[in-house]
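# Architecture and fold: a report
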Amino acid sequence: MNPARKPSTAPGSPGALAFDPEAIRAQFPMLGATMHGKPLVYLDNAATTQRPRAVIDSVVEHWSTTNGPVSRGVHALGSLATEKYESARTAAASLLNAEPEFIVFTKGVTDGLNLVARSLGDELLGEGDEVVVTELEHHSNFLPWRQACLRRGAVLRVAPITDSGELDLDALRAMVNGRTRIVAVTHVSNVLGTVVPVSEIVSIARGVGAAVVVDGAQAPGHLPVDVQRLGCDFYAISAHKMFGPAGAGVLYMSPRWVDRLEPAQYGGGMVELASAEESTWITGPHRHEAGTPNTEGAVGLGAAVAFLGSFDRAAARAHERSLRDAIVAGLGQIPKARVYGPAEGAPIVSFGLEGVHAHDLATVLDAEGVAVRAGHMCAQPLMRRLGVPALTRASIAPYNTHAEVEALLDGVRRAGQIFA
Ligand code: PMP
């Protein structure tokens with residue numbers, strides 16, 4: 001038995017959470033599927049994770065017993081639905097160590113970051129001001145800032161990475177100056193798994209009074225996230241990257257912003273007073289949630305947070321690390337394979353096979369039932385920095401196993417032979 005598969009806590013230790021990848025795995029109906037007649041090996045978790053039974057059931061139960069108009073109706077069902085929605089906000093707040101009044105429901109990270117780039121961009125940016133992003137950014141934390149800069153006559157600056165795929169913190173420090181109004185960084189790179197030192201970036205930005213926006217898409221599925229410890233102004237997450245539904249996420253807004261920021265959208269549910277002469281907006285997170293919310297998405301997000309709290313996450317991280325190490329070591333033995341990214345990081349491994357296009361490699365893997373990502377991964381500036389048009393990526397969740405890593409490595413060897 002692989003040591004990483006042992007439950008992490010002694011049976012019977014009172015109140016202790018256990019971690020057993022097979023027990024986790026058994027909770028995910030999708031993982032029992034076959035693809036092309038082979039057992040599904042799902043290694044595209046950075047794109048979207050699978051959903052456990054508890055999340056699936058939470059949505060079905062909501063639809064069956066508590067579905068109603070959130071924050072609208074005076075009737076009992078409206079109240080039940082509102083209670084469900086607001087308790088999901090409390091769950092999301094606890095995940096990020098924030099208070100619920102600073103948690104705004106969104107469609108996900110892209111939606112949250114566009115909201116901030118629109119509202120904060122309009123609030124803070126003027127002619128000649130600067131926004132700093134990094135070469136690691138997903139397009140979702142790059143393009144909204146580029147467009148905000150274009151709108152406001154501001155300048156977008158891109159902090160470089162080192163050759164090993166870490167953020168070059170000294171270069172970022174040198175780039176931040178009296179004109180910097182916003183620093184927007186990813187917490188974890190979706191391509192290289194690089195973990196960015198957000199607290200240090202916050203202290204650099206604070207030195208010039210700049211706001212810090214964090215793309216947390218790849219973080220809470222793997223790492224503990226504490227927005228108060230990080231000290232950032234905004235932190236965006238998507239439920240579907242952490243075992244919840246797609247089209248749902250939250251944006252943490254620090255106390256200094258939630259009531260000050262102009263909403264990015266107007267409509268029902270965010271109004272205090274509406275007339276042609278004068279319109280005013282309510283305070284609190286609902287100010288930024290115009291329209292009928294995605295209640296089922298919020299409910300599923302709340303259930304995903306509960307799922308994340310149901311096992312020993314430190315042990316899950318150790319298991320994910322052992323799988324990552326096994327992939328990196330295995331690829332190191334395959335002629336012409338090359339791994340990109342730092343030695344330490346989140347369990348996301350991007351690699352190339354010399355002479356084989358990333359899509360061809362992923363197609364060979366798919367025929368073996370192995371699902372990986374191939375392409376620019378919505379990070380064209382990073383691909384340009386790495387000098388490649390595309391990469392192949394294996395991204396890990398706690399339900400993955402060493403047998404699945406072997407299936408991945410077999411597939412890569414096979415692709416090497418096919419295209420030799
Ligand atoms: N940022 C990063 C780092 C991501 O990995 C992703 C999803 N690939 C996003 C942003 C966008 O997230 P979503 O599609 O859920 O809005």
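What you are looking at is a predicted structure, and each value in this text was computed from that prediction instead of being measured.

### Observations regarding the overall build of the protein chain
Of the regular secondary structure elements, the protein chain holds 14 helices and 17 strands. A compact globule built from 420 residues would reach a C-alpha radius of gyration of about 22 Å, and the protein chain, at 22 Å, matches this within 12%. C-alpha extents for the protein chain along the principal axes are approximately 70 × 55 × 40 Å. Each of the 420 residues in the protein chain was classed as buried or not, and the buried ones make up 53%. In the protein chain, of all internal contacts separated by at least 6 residues, the share reaching a separation of at least 24 is 71%.

### Considering empty space enclosed by the protein
Enumeration according to the criterion identifies 2 cavities of 30 Å³ or more in this entry. Volume-wise, the largest cavity comes out at about 60 Å³. Lining the largest cavity are Asn45, Ala46, Thr49, Gln218, Gly221, His222, Lys241, Phe243, Ile396, Ala397 and Pro398. Within the lining of the largest cavity, the residues separate by chemical class into 5 nonpolar, 5 polar and 1 charged. Per-domain counts for the lining of the largest cavity show at least three residues from each of domain 1 (21–47 + 312–418) and domain 2 (56–308). Roughly 30 Å³ of internal volume is contained in the second largest cavity. Gly221, His222, Phe311, Arg313, Ala316, Arg317, Glu320 and Pro398 are the residues that line the second largest cavity. By residue class, the composition of the lining of the second largest cavity is 3 nonpolar, 2 polar and 3 charged.

### Quick word on the layout of surface pockets
If you roll a probe as big as a water molecule over the atoms, it shows you where there is empty space left. Here the largest pocket is characterised by a volume of approximately 390 Å³. Phe105, Thr106, Asp111, His288 and Ala290 are, among the 22 residues lining the largest pocket, the residues nearest its centre. Of all the elements in the fold, those that place two or more residues in the lining of the largest pocket are strand E4 (103–106), helix H4 (109–124) and helix H10 (295–308). Taken together, the residues of the lining of the largest pocket sort by class into 9 nonpolar, 9 polar and 4 charged. When its volume is computed, the second largest pocket comes out at roughly 310 Å³. Lining the second largest pocket are 26 residues, with Thr110, His138, Ser140, Ala217 and Lys241 positioned closest to its centre. Take the lining of the second largest pocket: its biggest share by element is 3 residues, from H4.

### Structural notes on the packing of aromatic side chains
Under the defined criterion, the tally for this structure stands at 10 aromatic pairs. Ring-pair connections join several aromatic residues into one group, and the members of that group are Phe19, Phe28, Phe243, Phe307, Phe311 and Tyr399.

### Structural notes on the sheet that holds strand E13 (residues 337–340)
On the basis of which strands lie adjacent, the open sheet formed by 4 strands has the order E13-E14-E17-E16 and antiparallel pairing. Strands with a single pairing partner mark the edges of an open sheet, and in this sheet they are E13 and strand E16 (373–375). Averaged over all neighbouring strand pairs, the angle between strand axes comes to 30°, with direction disregarded. Across the face of the sheet, helix H14 (residues 402–418) comes into contact with strand E14 (348–353) and strand E17 (391–395) while running at roughly 15° to E14.

### A closer look at the site of the ligand
Taken together, Val109, Thr110, His138, Ser140, Thr186, Asn190, Asp215, Ala217, Gln218, Ser238, His240 and Lys241 make up all the residues around the ligand. One of the side-chain nitrogen or oxygen atoms of His138 is found 3.3 Å away from a nitrogen atom of the ligand. For the ligand, an oxygen atom lies 2.7 Å from a polar atom in the side chain of His240. Protein chains bury 85% of the 400 Å² of accessible surface belonging to the ligand in isolation.

### Notes on the packing of helix H12 (residues 358–367) against H14
One can describe the packing of H12 onto H14 by two numbers: an axis separation of 9 Å at closest approach and a directional angle of 125°. The angle between H12 and H14 falls in the class oblique. Judged by the twist between their axes, the crossing of H12 over H14 is right-handed. Facing Leu361, Val364 and Leu365 of H12, the residues of H14 in contact are Leu408, Gly411, Val412, Ala415 and Ile418. Looking at the contact of H12 with H14, its residues break down into 7 nonpolar, 1 polar and no charged.

### Quick word on the pattern of salt bridges
For the structure on display, the rule yields 20 salt bridges. Taking the shortest distance from any N to any O, the salt bridge between Asp122 and Arg152 comes out at 3.8 Å. Of this pair, Asp122 sits in helix H4 while Arg152 is found in helix H5 (residues 143–152), placing the two residues 30 residues apart along the sequence. On the basis of relative accessible area, Asp122 is assigned to the partly exposed category, the value being 33%. Between Arg385 and Asp163 there is a salt bridge, with the nearest N and O atoms lying 2.8 Å from each other. You can see Arg385 sitting in helix H13 (residues 380–386) and its partner Asp163 sitting in the loop between strand E6 (155–159) and helix H6 (169–175), a full 222 residues away along the chain. You can call Arg385 partly exposed: its relative accessible area is 28%. One network of salt bridges, in which partners are shared, links Lys38, Glu368 and Arg414.

### Section: the environment of Gly302
Among the structural elements, Gly302 can be located in helix H10. For Gly302, a relative accessible area of 13% puts it in the buried group. Residues Gly302 and Thr90 lie 212 residues apart in sequence; the distance between their C-alpha atoms is 8.2 Å.

### Topic: the domain arrangement of the protein chain
When its domains are assigned, the protein chain resolves into domain 1 (21–47 + 312–418) and domain 2 (56–308). Averaged C-alpha coordinates put domain 1 and domain 2 at centres separated by 28 Å. The interface of domain 1 with domain 2 comprises 34 residues on the first partner and 32 residues on the second. When domain 1 packs against domain 2, close to 2,600 Å² is buried across both sides, 59% of that on carbon and sulfur atoms.

### Regarding helix H7 (residues 198–206)
Looking only at H7, the buried set comprises Val198, Ile201, Val202, Ile204 and Ala205. One face of H7 carries all of its buried residues, which in axial projection span an arc of 165°. At its buried positions, H7 is contacted by H6, strand E7 (180–186), strand E8 (211–215) and helix H8 (227–230).

Rules used in this analysis
Residues numbered from 1 in each chain as written. Predicted model: local features only at pLDDT ≥ 70, side-chain atom pairs only at ≥ 80, totals over all residues. Heavy atoms only, no water. Helix = DSSP H or I, 4+ residues; strand = E, 2+ residues; numbered from the N terminus. Rg over C-alpha atoms; globule rule 2.2 N^0.38 Å. Buried < 20%, exposed > 50% of the residue type's maximum accessible area, 1.4 Å probe, protein only. Contact = heavy atoms within 4.5 Å. 1 Å grid on protein atoms, 1.4 Å probe; cavity = no way out; pocket = protein on both sides within 12 Å on 5 of 7 lines; lining within 4 Å. Points joined across faces, edges and corners; volume = space filled by probe spheres on them. Nonpolar A, V, L, I, M, F, W, Y, C, P; charged D, E, K, R; others polar. Domains from an automatic or database assignment. Phe/Tyr/Trp six-rings, centres within 6.5 Å; stacked < 30°, edge-to-face > 60°. Pairing = 2+ DSSP bridges. Axes fitted to C-alpha atoms, helices over the stretch in contact; angles between N-to-C directions. Near = heavy atom within 4 Å. Polar contact = N/O pair within 3.5 Å; in protein donor to acceptor, adjacent residues only side chain to side chain. Areas by Shrake-Rupley, 256 points an atom, 1.4 Å probe, with all protein chains shown as cover. Parallel < 35°, antiparallel > 145°, perpendicular 65-115°, else oblique. Left-handed = near helix turned anticlockwise from the far one by under 90°. Salt bridge = Lys/Arg side-chain N within 4 Å of Asp/Glu carboxyl O. Buried area = accessible area lost by both parts, 1.4 Å probe. Arc of directions from axis to C-beta.

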